[in-house]
Structures are given as C-alpha cells and as structure tokens.
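Observations on the model geometry
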Amino acid sequence: MTTDARSYRGTLAALFFAGFCLFITLFTSVAYLPLYVRELGGGPVLGGLQNTVFFASGVLLRFFLGPLADRRGRRLPLLIGTVVSATAPLAFAAAGNIAMLLLARAYHAISLAAFLSAASSLVADCAPPARRGAYIGAYRFVVSSAVLIGPPIAEYCIGAFGFRGWFLASAAVHAVAIPGIVLMRVPPLETLLQTDIGGGFKRVLCTPVVSGVLSGIALLSLAYSTILSFLPLLAESIGYSAGSYFIVFGSVGLVANLVAGALSDRLGRRSVAWPAVFALPLAALLLSIDGLTLPLFFVSAALGGIGFSAGLVVTVAWLVDLVSVRLKATTLALQESTIDTFMAAGALLFGVLVERLGMGSAFLYFGATTAVLTLALAYFSFRAEEKRQLGTHGN
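Residues numbered from 1 in each chain as written. Predicted model: local features only at pLDDT ≥ 70, side-chain atom pairs only at ≥ 80, totals over all residues. Heavy atoms only, no water.

1. Remarks on the overall build of the protein chain
Regarding its fold elements, the protein chain presents 14 helices and zero strands. Reading the protein chain from its N end, one meets helices and strands in the order α-α-α-α-α-α-α-α-α-α-α-α-α-α. Here the protein chain holds 395 residues, and 57% of them are scored as buried. Summed over all atoms, the accessible surface of the protein chain reaches about 15,000 Å², with 68% contributed by carbon and sulfur. (Helix = DSSP H or I, 4+ residues; strand = E, 2+ residues; numbered from the N terminus. Buried < 20%, exposed > 50% of the residue type's maximum accessible area, 1.4 Å probe, protein only. Areas by Shrake-Rupley, 256 points an atom, 1.4 Å probe, with all protein chains shown as cover.)

Dropping the structure here:
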C-alpha cells in the first residue's frame, strides 16, 4: 500500500496522543498497582497475580481483537482500546478489594488487545516503506515518553492524593484522546483479510524468520516484566526513588527509539535487534547486586531503556518487513500476544521467587537466565542467516 505520509500528519498526531495516554495508564498500573494491592491487604504474589491477569486476559482477547484491524480496518479497534483505557482507572478507583481489582484488570486488558497492534499497523500504513523503521521509532518514542513522564507523576499524585486521586486524574486526561481517534483520517486498506482468525495466525507463523524474532521478543518481555512489576518495591526497600529510575529509563529510551529505528533501516534489523535485546537482561542483573549503589541503579535504568525501547522498535519493524500487508495487524497482534504472555508469566513467577528467595536473588536468576538465552538465540539467528546467504550464493 502506497501512502503520502504528509497527508496523514493529523492522523499520526491523534494516534500518538492516544497512545501516549494509553501507555501512561498501562505502565503506571503495572508498576504501581502492586503497591495498591498491598494497601488492599495483599502481598507480592497477589501483586504479581493482578498483572498476570491483565496480560493473560490481553492474550486471550487479542485472538479476536488483534486480527480485527485486518478484517474491519484500523479505526474500530483503536477506538475500542482508547475508550477502555480511559475508563479503566475508574474501575480501579471503584475496586474495594483484590477480587474486584482483578476484574478491573481483566476489563483493562481489552485496551491492550485492541489498541496496540492496530496502532503499530496504522503507523506502518502511513510510513514510506524505506523509512518504516524511523516511523515506528517515532511511535516508540511516544511510548518511551510515557515511561519517562507517567511513573514520576503517578508517584507524586499517589503521595499527595492517594491512589484513587491518581486514578481519577488519569481518567480525566485520557478522555481527551477519544475525539482524535473518532475524527482522524485512516488510509484505506487495499485488501481486507478474508481468512479465518486461526488461519491468519498460522500463515504468520509459517513465514520464515518470524518465530525467531518472536522468541527474542519473548525473552525481552520476561526481563521487562521483572523490572516494571517489582522495581517500585525494590526501590522502596533500598531507599531509592522508583520515579527517578523511570526518568532515566524513559530518557534513554527516547533517544534509543529514534536512533535504533533509523540505524536498522541502514544496517539491517538483525544487526541492531540482538544487541538491543541483550541490554535488558543486563539491567535486571544489575538490580540483583547486594548493596546496590545509586550510580549502578541508574546504569540499570539506562540499559533497561535501551533494551526495551530499541529492542521493540527494531523487532516490530523486522516483523512488518517479513509479512504481507494483508497480515500486518495479525502479525503485530501475535507480537503483542507474545509480549503479554511472557510478561504475565514473568510477573507471577517473579512474585513467587521474591517470596521464597528474596528480591536480589530473584533478579539474579531472571537476569542471568534471560541473558544466556538471548545470546544463544542471537547466535543461532546469525548462523541461520549465514547459511541462507551461502545457499543463495551457491544457487
């Protein structure tokens, strides 16, 4: 599909603002609701469980809502996701116990399932093919801005007004994004996906290299879940500010988004993706150090920002390169489901490890395991590419 990117500047502006609001709600809920669970009388396992419910529900709902963007166009799932994300904080505020909070998290997951893959697909629709990585990098720049701005503001509001005050303020600001999604122009799809939903996912997974890229995203998500879900608890226990960690995390991520996307357009996705993905397990490993100093605390934040931001922007662009336009949103729905599945597993398993072994040992085991697996996956990826090139030259 060929588009004039300049004619869709308003569309991208509306999408980026809605995405900014949605990711603020997403990141702050994952990071700070474990503290809210403690206020409601729960411990680390229940704190991890509510995030697991959120991500697992997103995976299940995405089997329908993800391919919807290829079947009905991009606007409908974007609107569903924006409305649900704007109202989810109201559900958090109304939850008087953990059971009600779990139901609210399942509702919040509708936004996760509907919005994310449709948003990445719309950015790719509006981008010139030669600059796809840069455009997706600009979208991920917005995501990193939410990491940078959201947690520190949430930390302040929670301290000043309590959790319910933050929930109500978040819902009020988020509601402003809804009219932009309703009114924006959307590039028409040349061909809607006619296959059944399961068939669409199967066709994506049969595409060469896709499974390897998704495996890298899975490892990235495991490492990220440990940091996002439990960094506030760790920071509180050692006397540091979680907000300051996320400021560094987001600031570095802003630069990494723009640099990594454009760099992968020039050097190739594989050469940039694996070093970026490897940075996030290193960030988790640093958090395991006994007597963690403030400089190392911020080095971990910087590595985390590089790994999360650069790793995702390049792998998303890589997946879009690999599949046909008719399967674009379906592919990105599968990518988002991979993220959610492994973040759900990571949050729950990490919570169990924290209760049994302590925070430091939990970060050590998770960080070391994901680092080793990332190196192995990168090695096999480069070897497979070498064999493919040799086979091409031989022919």
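Having seen the structure, we can now continue with the description.
2. Some details on the nonpolar core
Nonpolar side chains tend to gather and get buried jointly when the protein is soluble and globular. Formed by 113 residues in total, the largest nonpolar core has its most connected members in Phe 27 and Leu 231. Residue contributions to this core peak at 19 residues, all from helix α1 (residues 9–39). Here Phe 27 is in contact with Val 143, Ala 146, Val 147, Tyr 224, Leu 228 and Phe 308, once residues within four sequence places are set aside. (Core = buried A, V, L, I, M, F, W, Y, C linked by side-chain atoms within 4.5 Å. Contact = heavy atoms within 4.5 Å.)

3. As for the pattern of salt bridges
Counted under the stated rule, the structure contains two salt bridges. We note a salt bridge from Glu 236 to Arg 38, for which the minimum N-O separation is 2.8 Å. Here the residue Glu 236 occupies a position in helix α9 (residues 210–238), and Arg 38 occupies one in helix α1, the gap between them amounting to 198 residues. Under the relative-accessibility criterion, Arg 38 is labelled partly exposed at 43%. (Salt bridge = Lys/Arg side-chain N within 4 Å of Asp/Glu carboxyl O.)

4. So, helix α5 (residues 98–126)
Its 29 residues give α5 an end-to-end C-alpha distance of 42 Å, which sits within 8% of 42 Å, the value for a rise of 1.5 Å per residue. Phe 115 marks the point of greatest bend in α5, at about 25°. With 22 of its 29 residues buried, α5 lies for the most part within the structure. Between the side-chain oxygen of the N-cap and the backbone nitrogen of Ala 99 there are 3.2 Å, and the N-cap of α5 in question is Asn 97. (Expected span 1.5 Å × (residues − 1). Bend = angle between axes of the 7 residues up to and from the residue. Polar contact = N/O pair within 3.5 Å; in protein donor to acceptor, adjacent residues only side chain to side chain.)

5. A short note on empty space enclosed by the protein
This model, assessed by the stated rule, comprises three cavities of 30 Å³ or more. Taken as a whole, the largest cavity spans an internal volume of roughly 170 Å³. Lining the largest cavity are 17 residues; nearest its centre among them are Phe 308, Leu 312, Glu 336, Ile 339 and Met 343. Ranked by the residues each element gives to the lining of the largest cavity, the list is headed by helix α13 (residues 328–357), at four residues. Looking at the lining of the largest cavity residue by residue, the class counts come to 13 nonpolar, one polar and three charged. (1 Å grid on protein atoms, 1.4 Å probe; cavity = no way out; pocket = protein on both sides within 12 Å on 5 of 7 lines; lining within 4 Å. Points joined across faces, edges and corners; volume = space filled by probe spheres on them. Nonpolar A, V, L, I, M, F, W, Y, C, P; charged D, E, K, R; others polar.)

6. Considerations on the confidence of the model for the protein chain
Averaged over every residue, the pLDDT of the protein chain is 81; the share at 70 or more is 87%. Taken together, the stretch residues 191–198 has pLDDT below 50 and engages in 18 contacts with residues farther than four places along the chain or on a different chain. (pLDDT = per-residue confidence, 0-100.)

7. Looking at the environment of Gly 10
Relative to the helices and strands, Gly 10 is located in helix α1. By relative accessible area, which is 53% here, Gly 10 ends up exposed. Residues Gly 10 and Gly 180 lie 170 residues apart in sequence; the distance between their C-alpha atoms is 8.9 Å.

8. Some words on the side chain of Ser 170
Structurally, Ser 170 is set in helix α6 (residues 132–174). Overall, Ser 170 belongs to the buried group, its relative accessible area being 9%. With residues near it in sequence (within four places) discarded, Ser 170 still touches Thr 25 and Pro 89.

9. Details of a nonpolar patch on the surface
Together, Val 255, Val 259, Leu 263 and Leu 267 give the surface a local cluster of nonpolar side chains, amounting to about 340 Å² of exposed area. Assignment of secondary structure puts Val 259 in helix α10 (residues 242–267). Residue Val 259 is classed as partly exposed on the basis of its relative accessible area, which comes to 46%. (Patch = residues over 30% accessible without salt bridge, like charges linked within 9 Å, V, L, I, M, F, W, Y side chains within 5 Å.)

10. A word on the packing of α10 against helix α11 (residues 269–286)
Direction vectors running N to C along α10 and α11 enclose 140°, while the axes themselves pass 7 Å from each other. The angle between α10 and α11 falls in the class oblique. For the pair α10 and α11, the contacting residues are Ala 260, Gly 261, Leu 263, Ser 264, Asp 265 and Leu 267 in the first and Arg 269, Ser 271 and Val 272 in the second. In terms of residue class, the contact of α10 with α11 is made up of four nonpolar, three polar and two charged. (Axes fitted to C-alpha atoms, helices over the stretch in contact; angles between N-to-C directions. Parallel < 35°, antiparallel > 145°, perpendicular 65-115°, else oblique.)

11. Observations concerning the packing of aromatic side chains
By the definition in use, this model includes 24 aromatic pairs. Ring geometry for Trp 274 and Trp 318: centres 6.4 Å apart, planes at 80°, overall edge-to-face. Taken together, the positions of Trp 274 in helix α11 and Trp 318 in helix α12 (residues 294–322) put the pair 44 residues apart, joining distant regions of the chain. For the pair Trp 274 and Trp 318, a shared accessibility class is recorded, and that class is buried. Members of the aromatic cluster, each reached through a chain of ring pairs, are Phe 16, Phe 23, Phe 27, Tyr 139, Tyr 224, Tyr 240, Tyr 245, Phe 246, Phe 249, Phe 297, Phe 298 and Phe 308. The ring of Phe 54 is capped by Arg 105, whose NZ or CZ atom sits 4.1 Å from the centre of that ring. (Phe/Tyr/Trp six-rings, centres within 6.5 Å; stacked < 30°, edge-to-face > 60°. Lys NZ or Arg CZ within 6 Å of the ring centre and 35° of its normal.)

12. Quick word on the packing of α9 against α10
Describing two packed helices takes the angle between their axes plus the distance from one axis to the other. Look at α9 against α10: their axes get within 8 Å of each other, and the N-to-C directions meet at 145°. Across the interface between the two elements, Tyr 224, Ile 227, Leu 228, Leu 231, Pro 232 and Ala 235 from α9 touch Ala 242, Tyr 245, Phe 246 and Phe 249 from α10.

13. A short note on the environment of Ser 251
Of note, Ser 251 is situated in helix α10. On a C-alpha basis, the gap between Ser 251 and Ala 302 in space is 8.2 Å, while along the polypeptide they are 51 residues apart.

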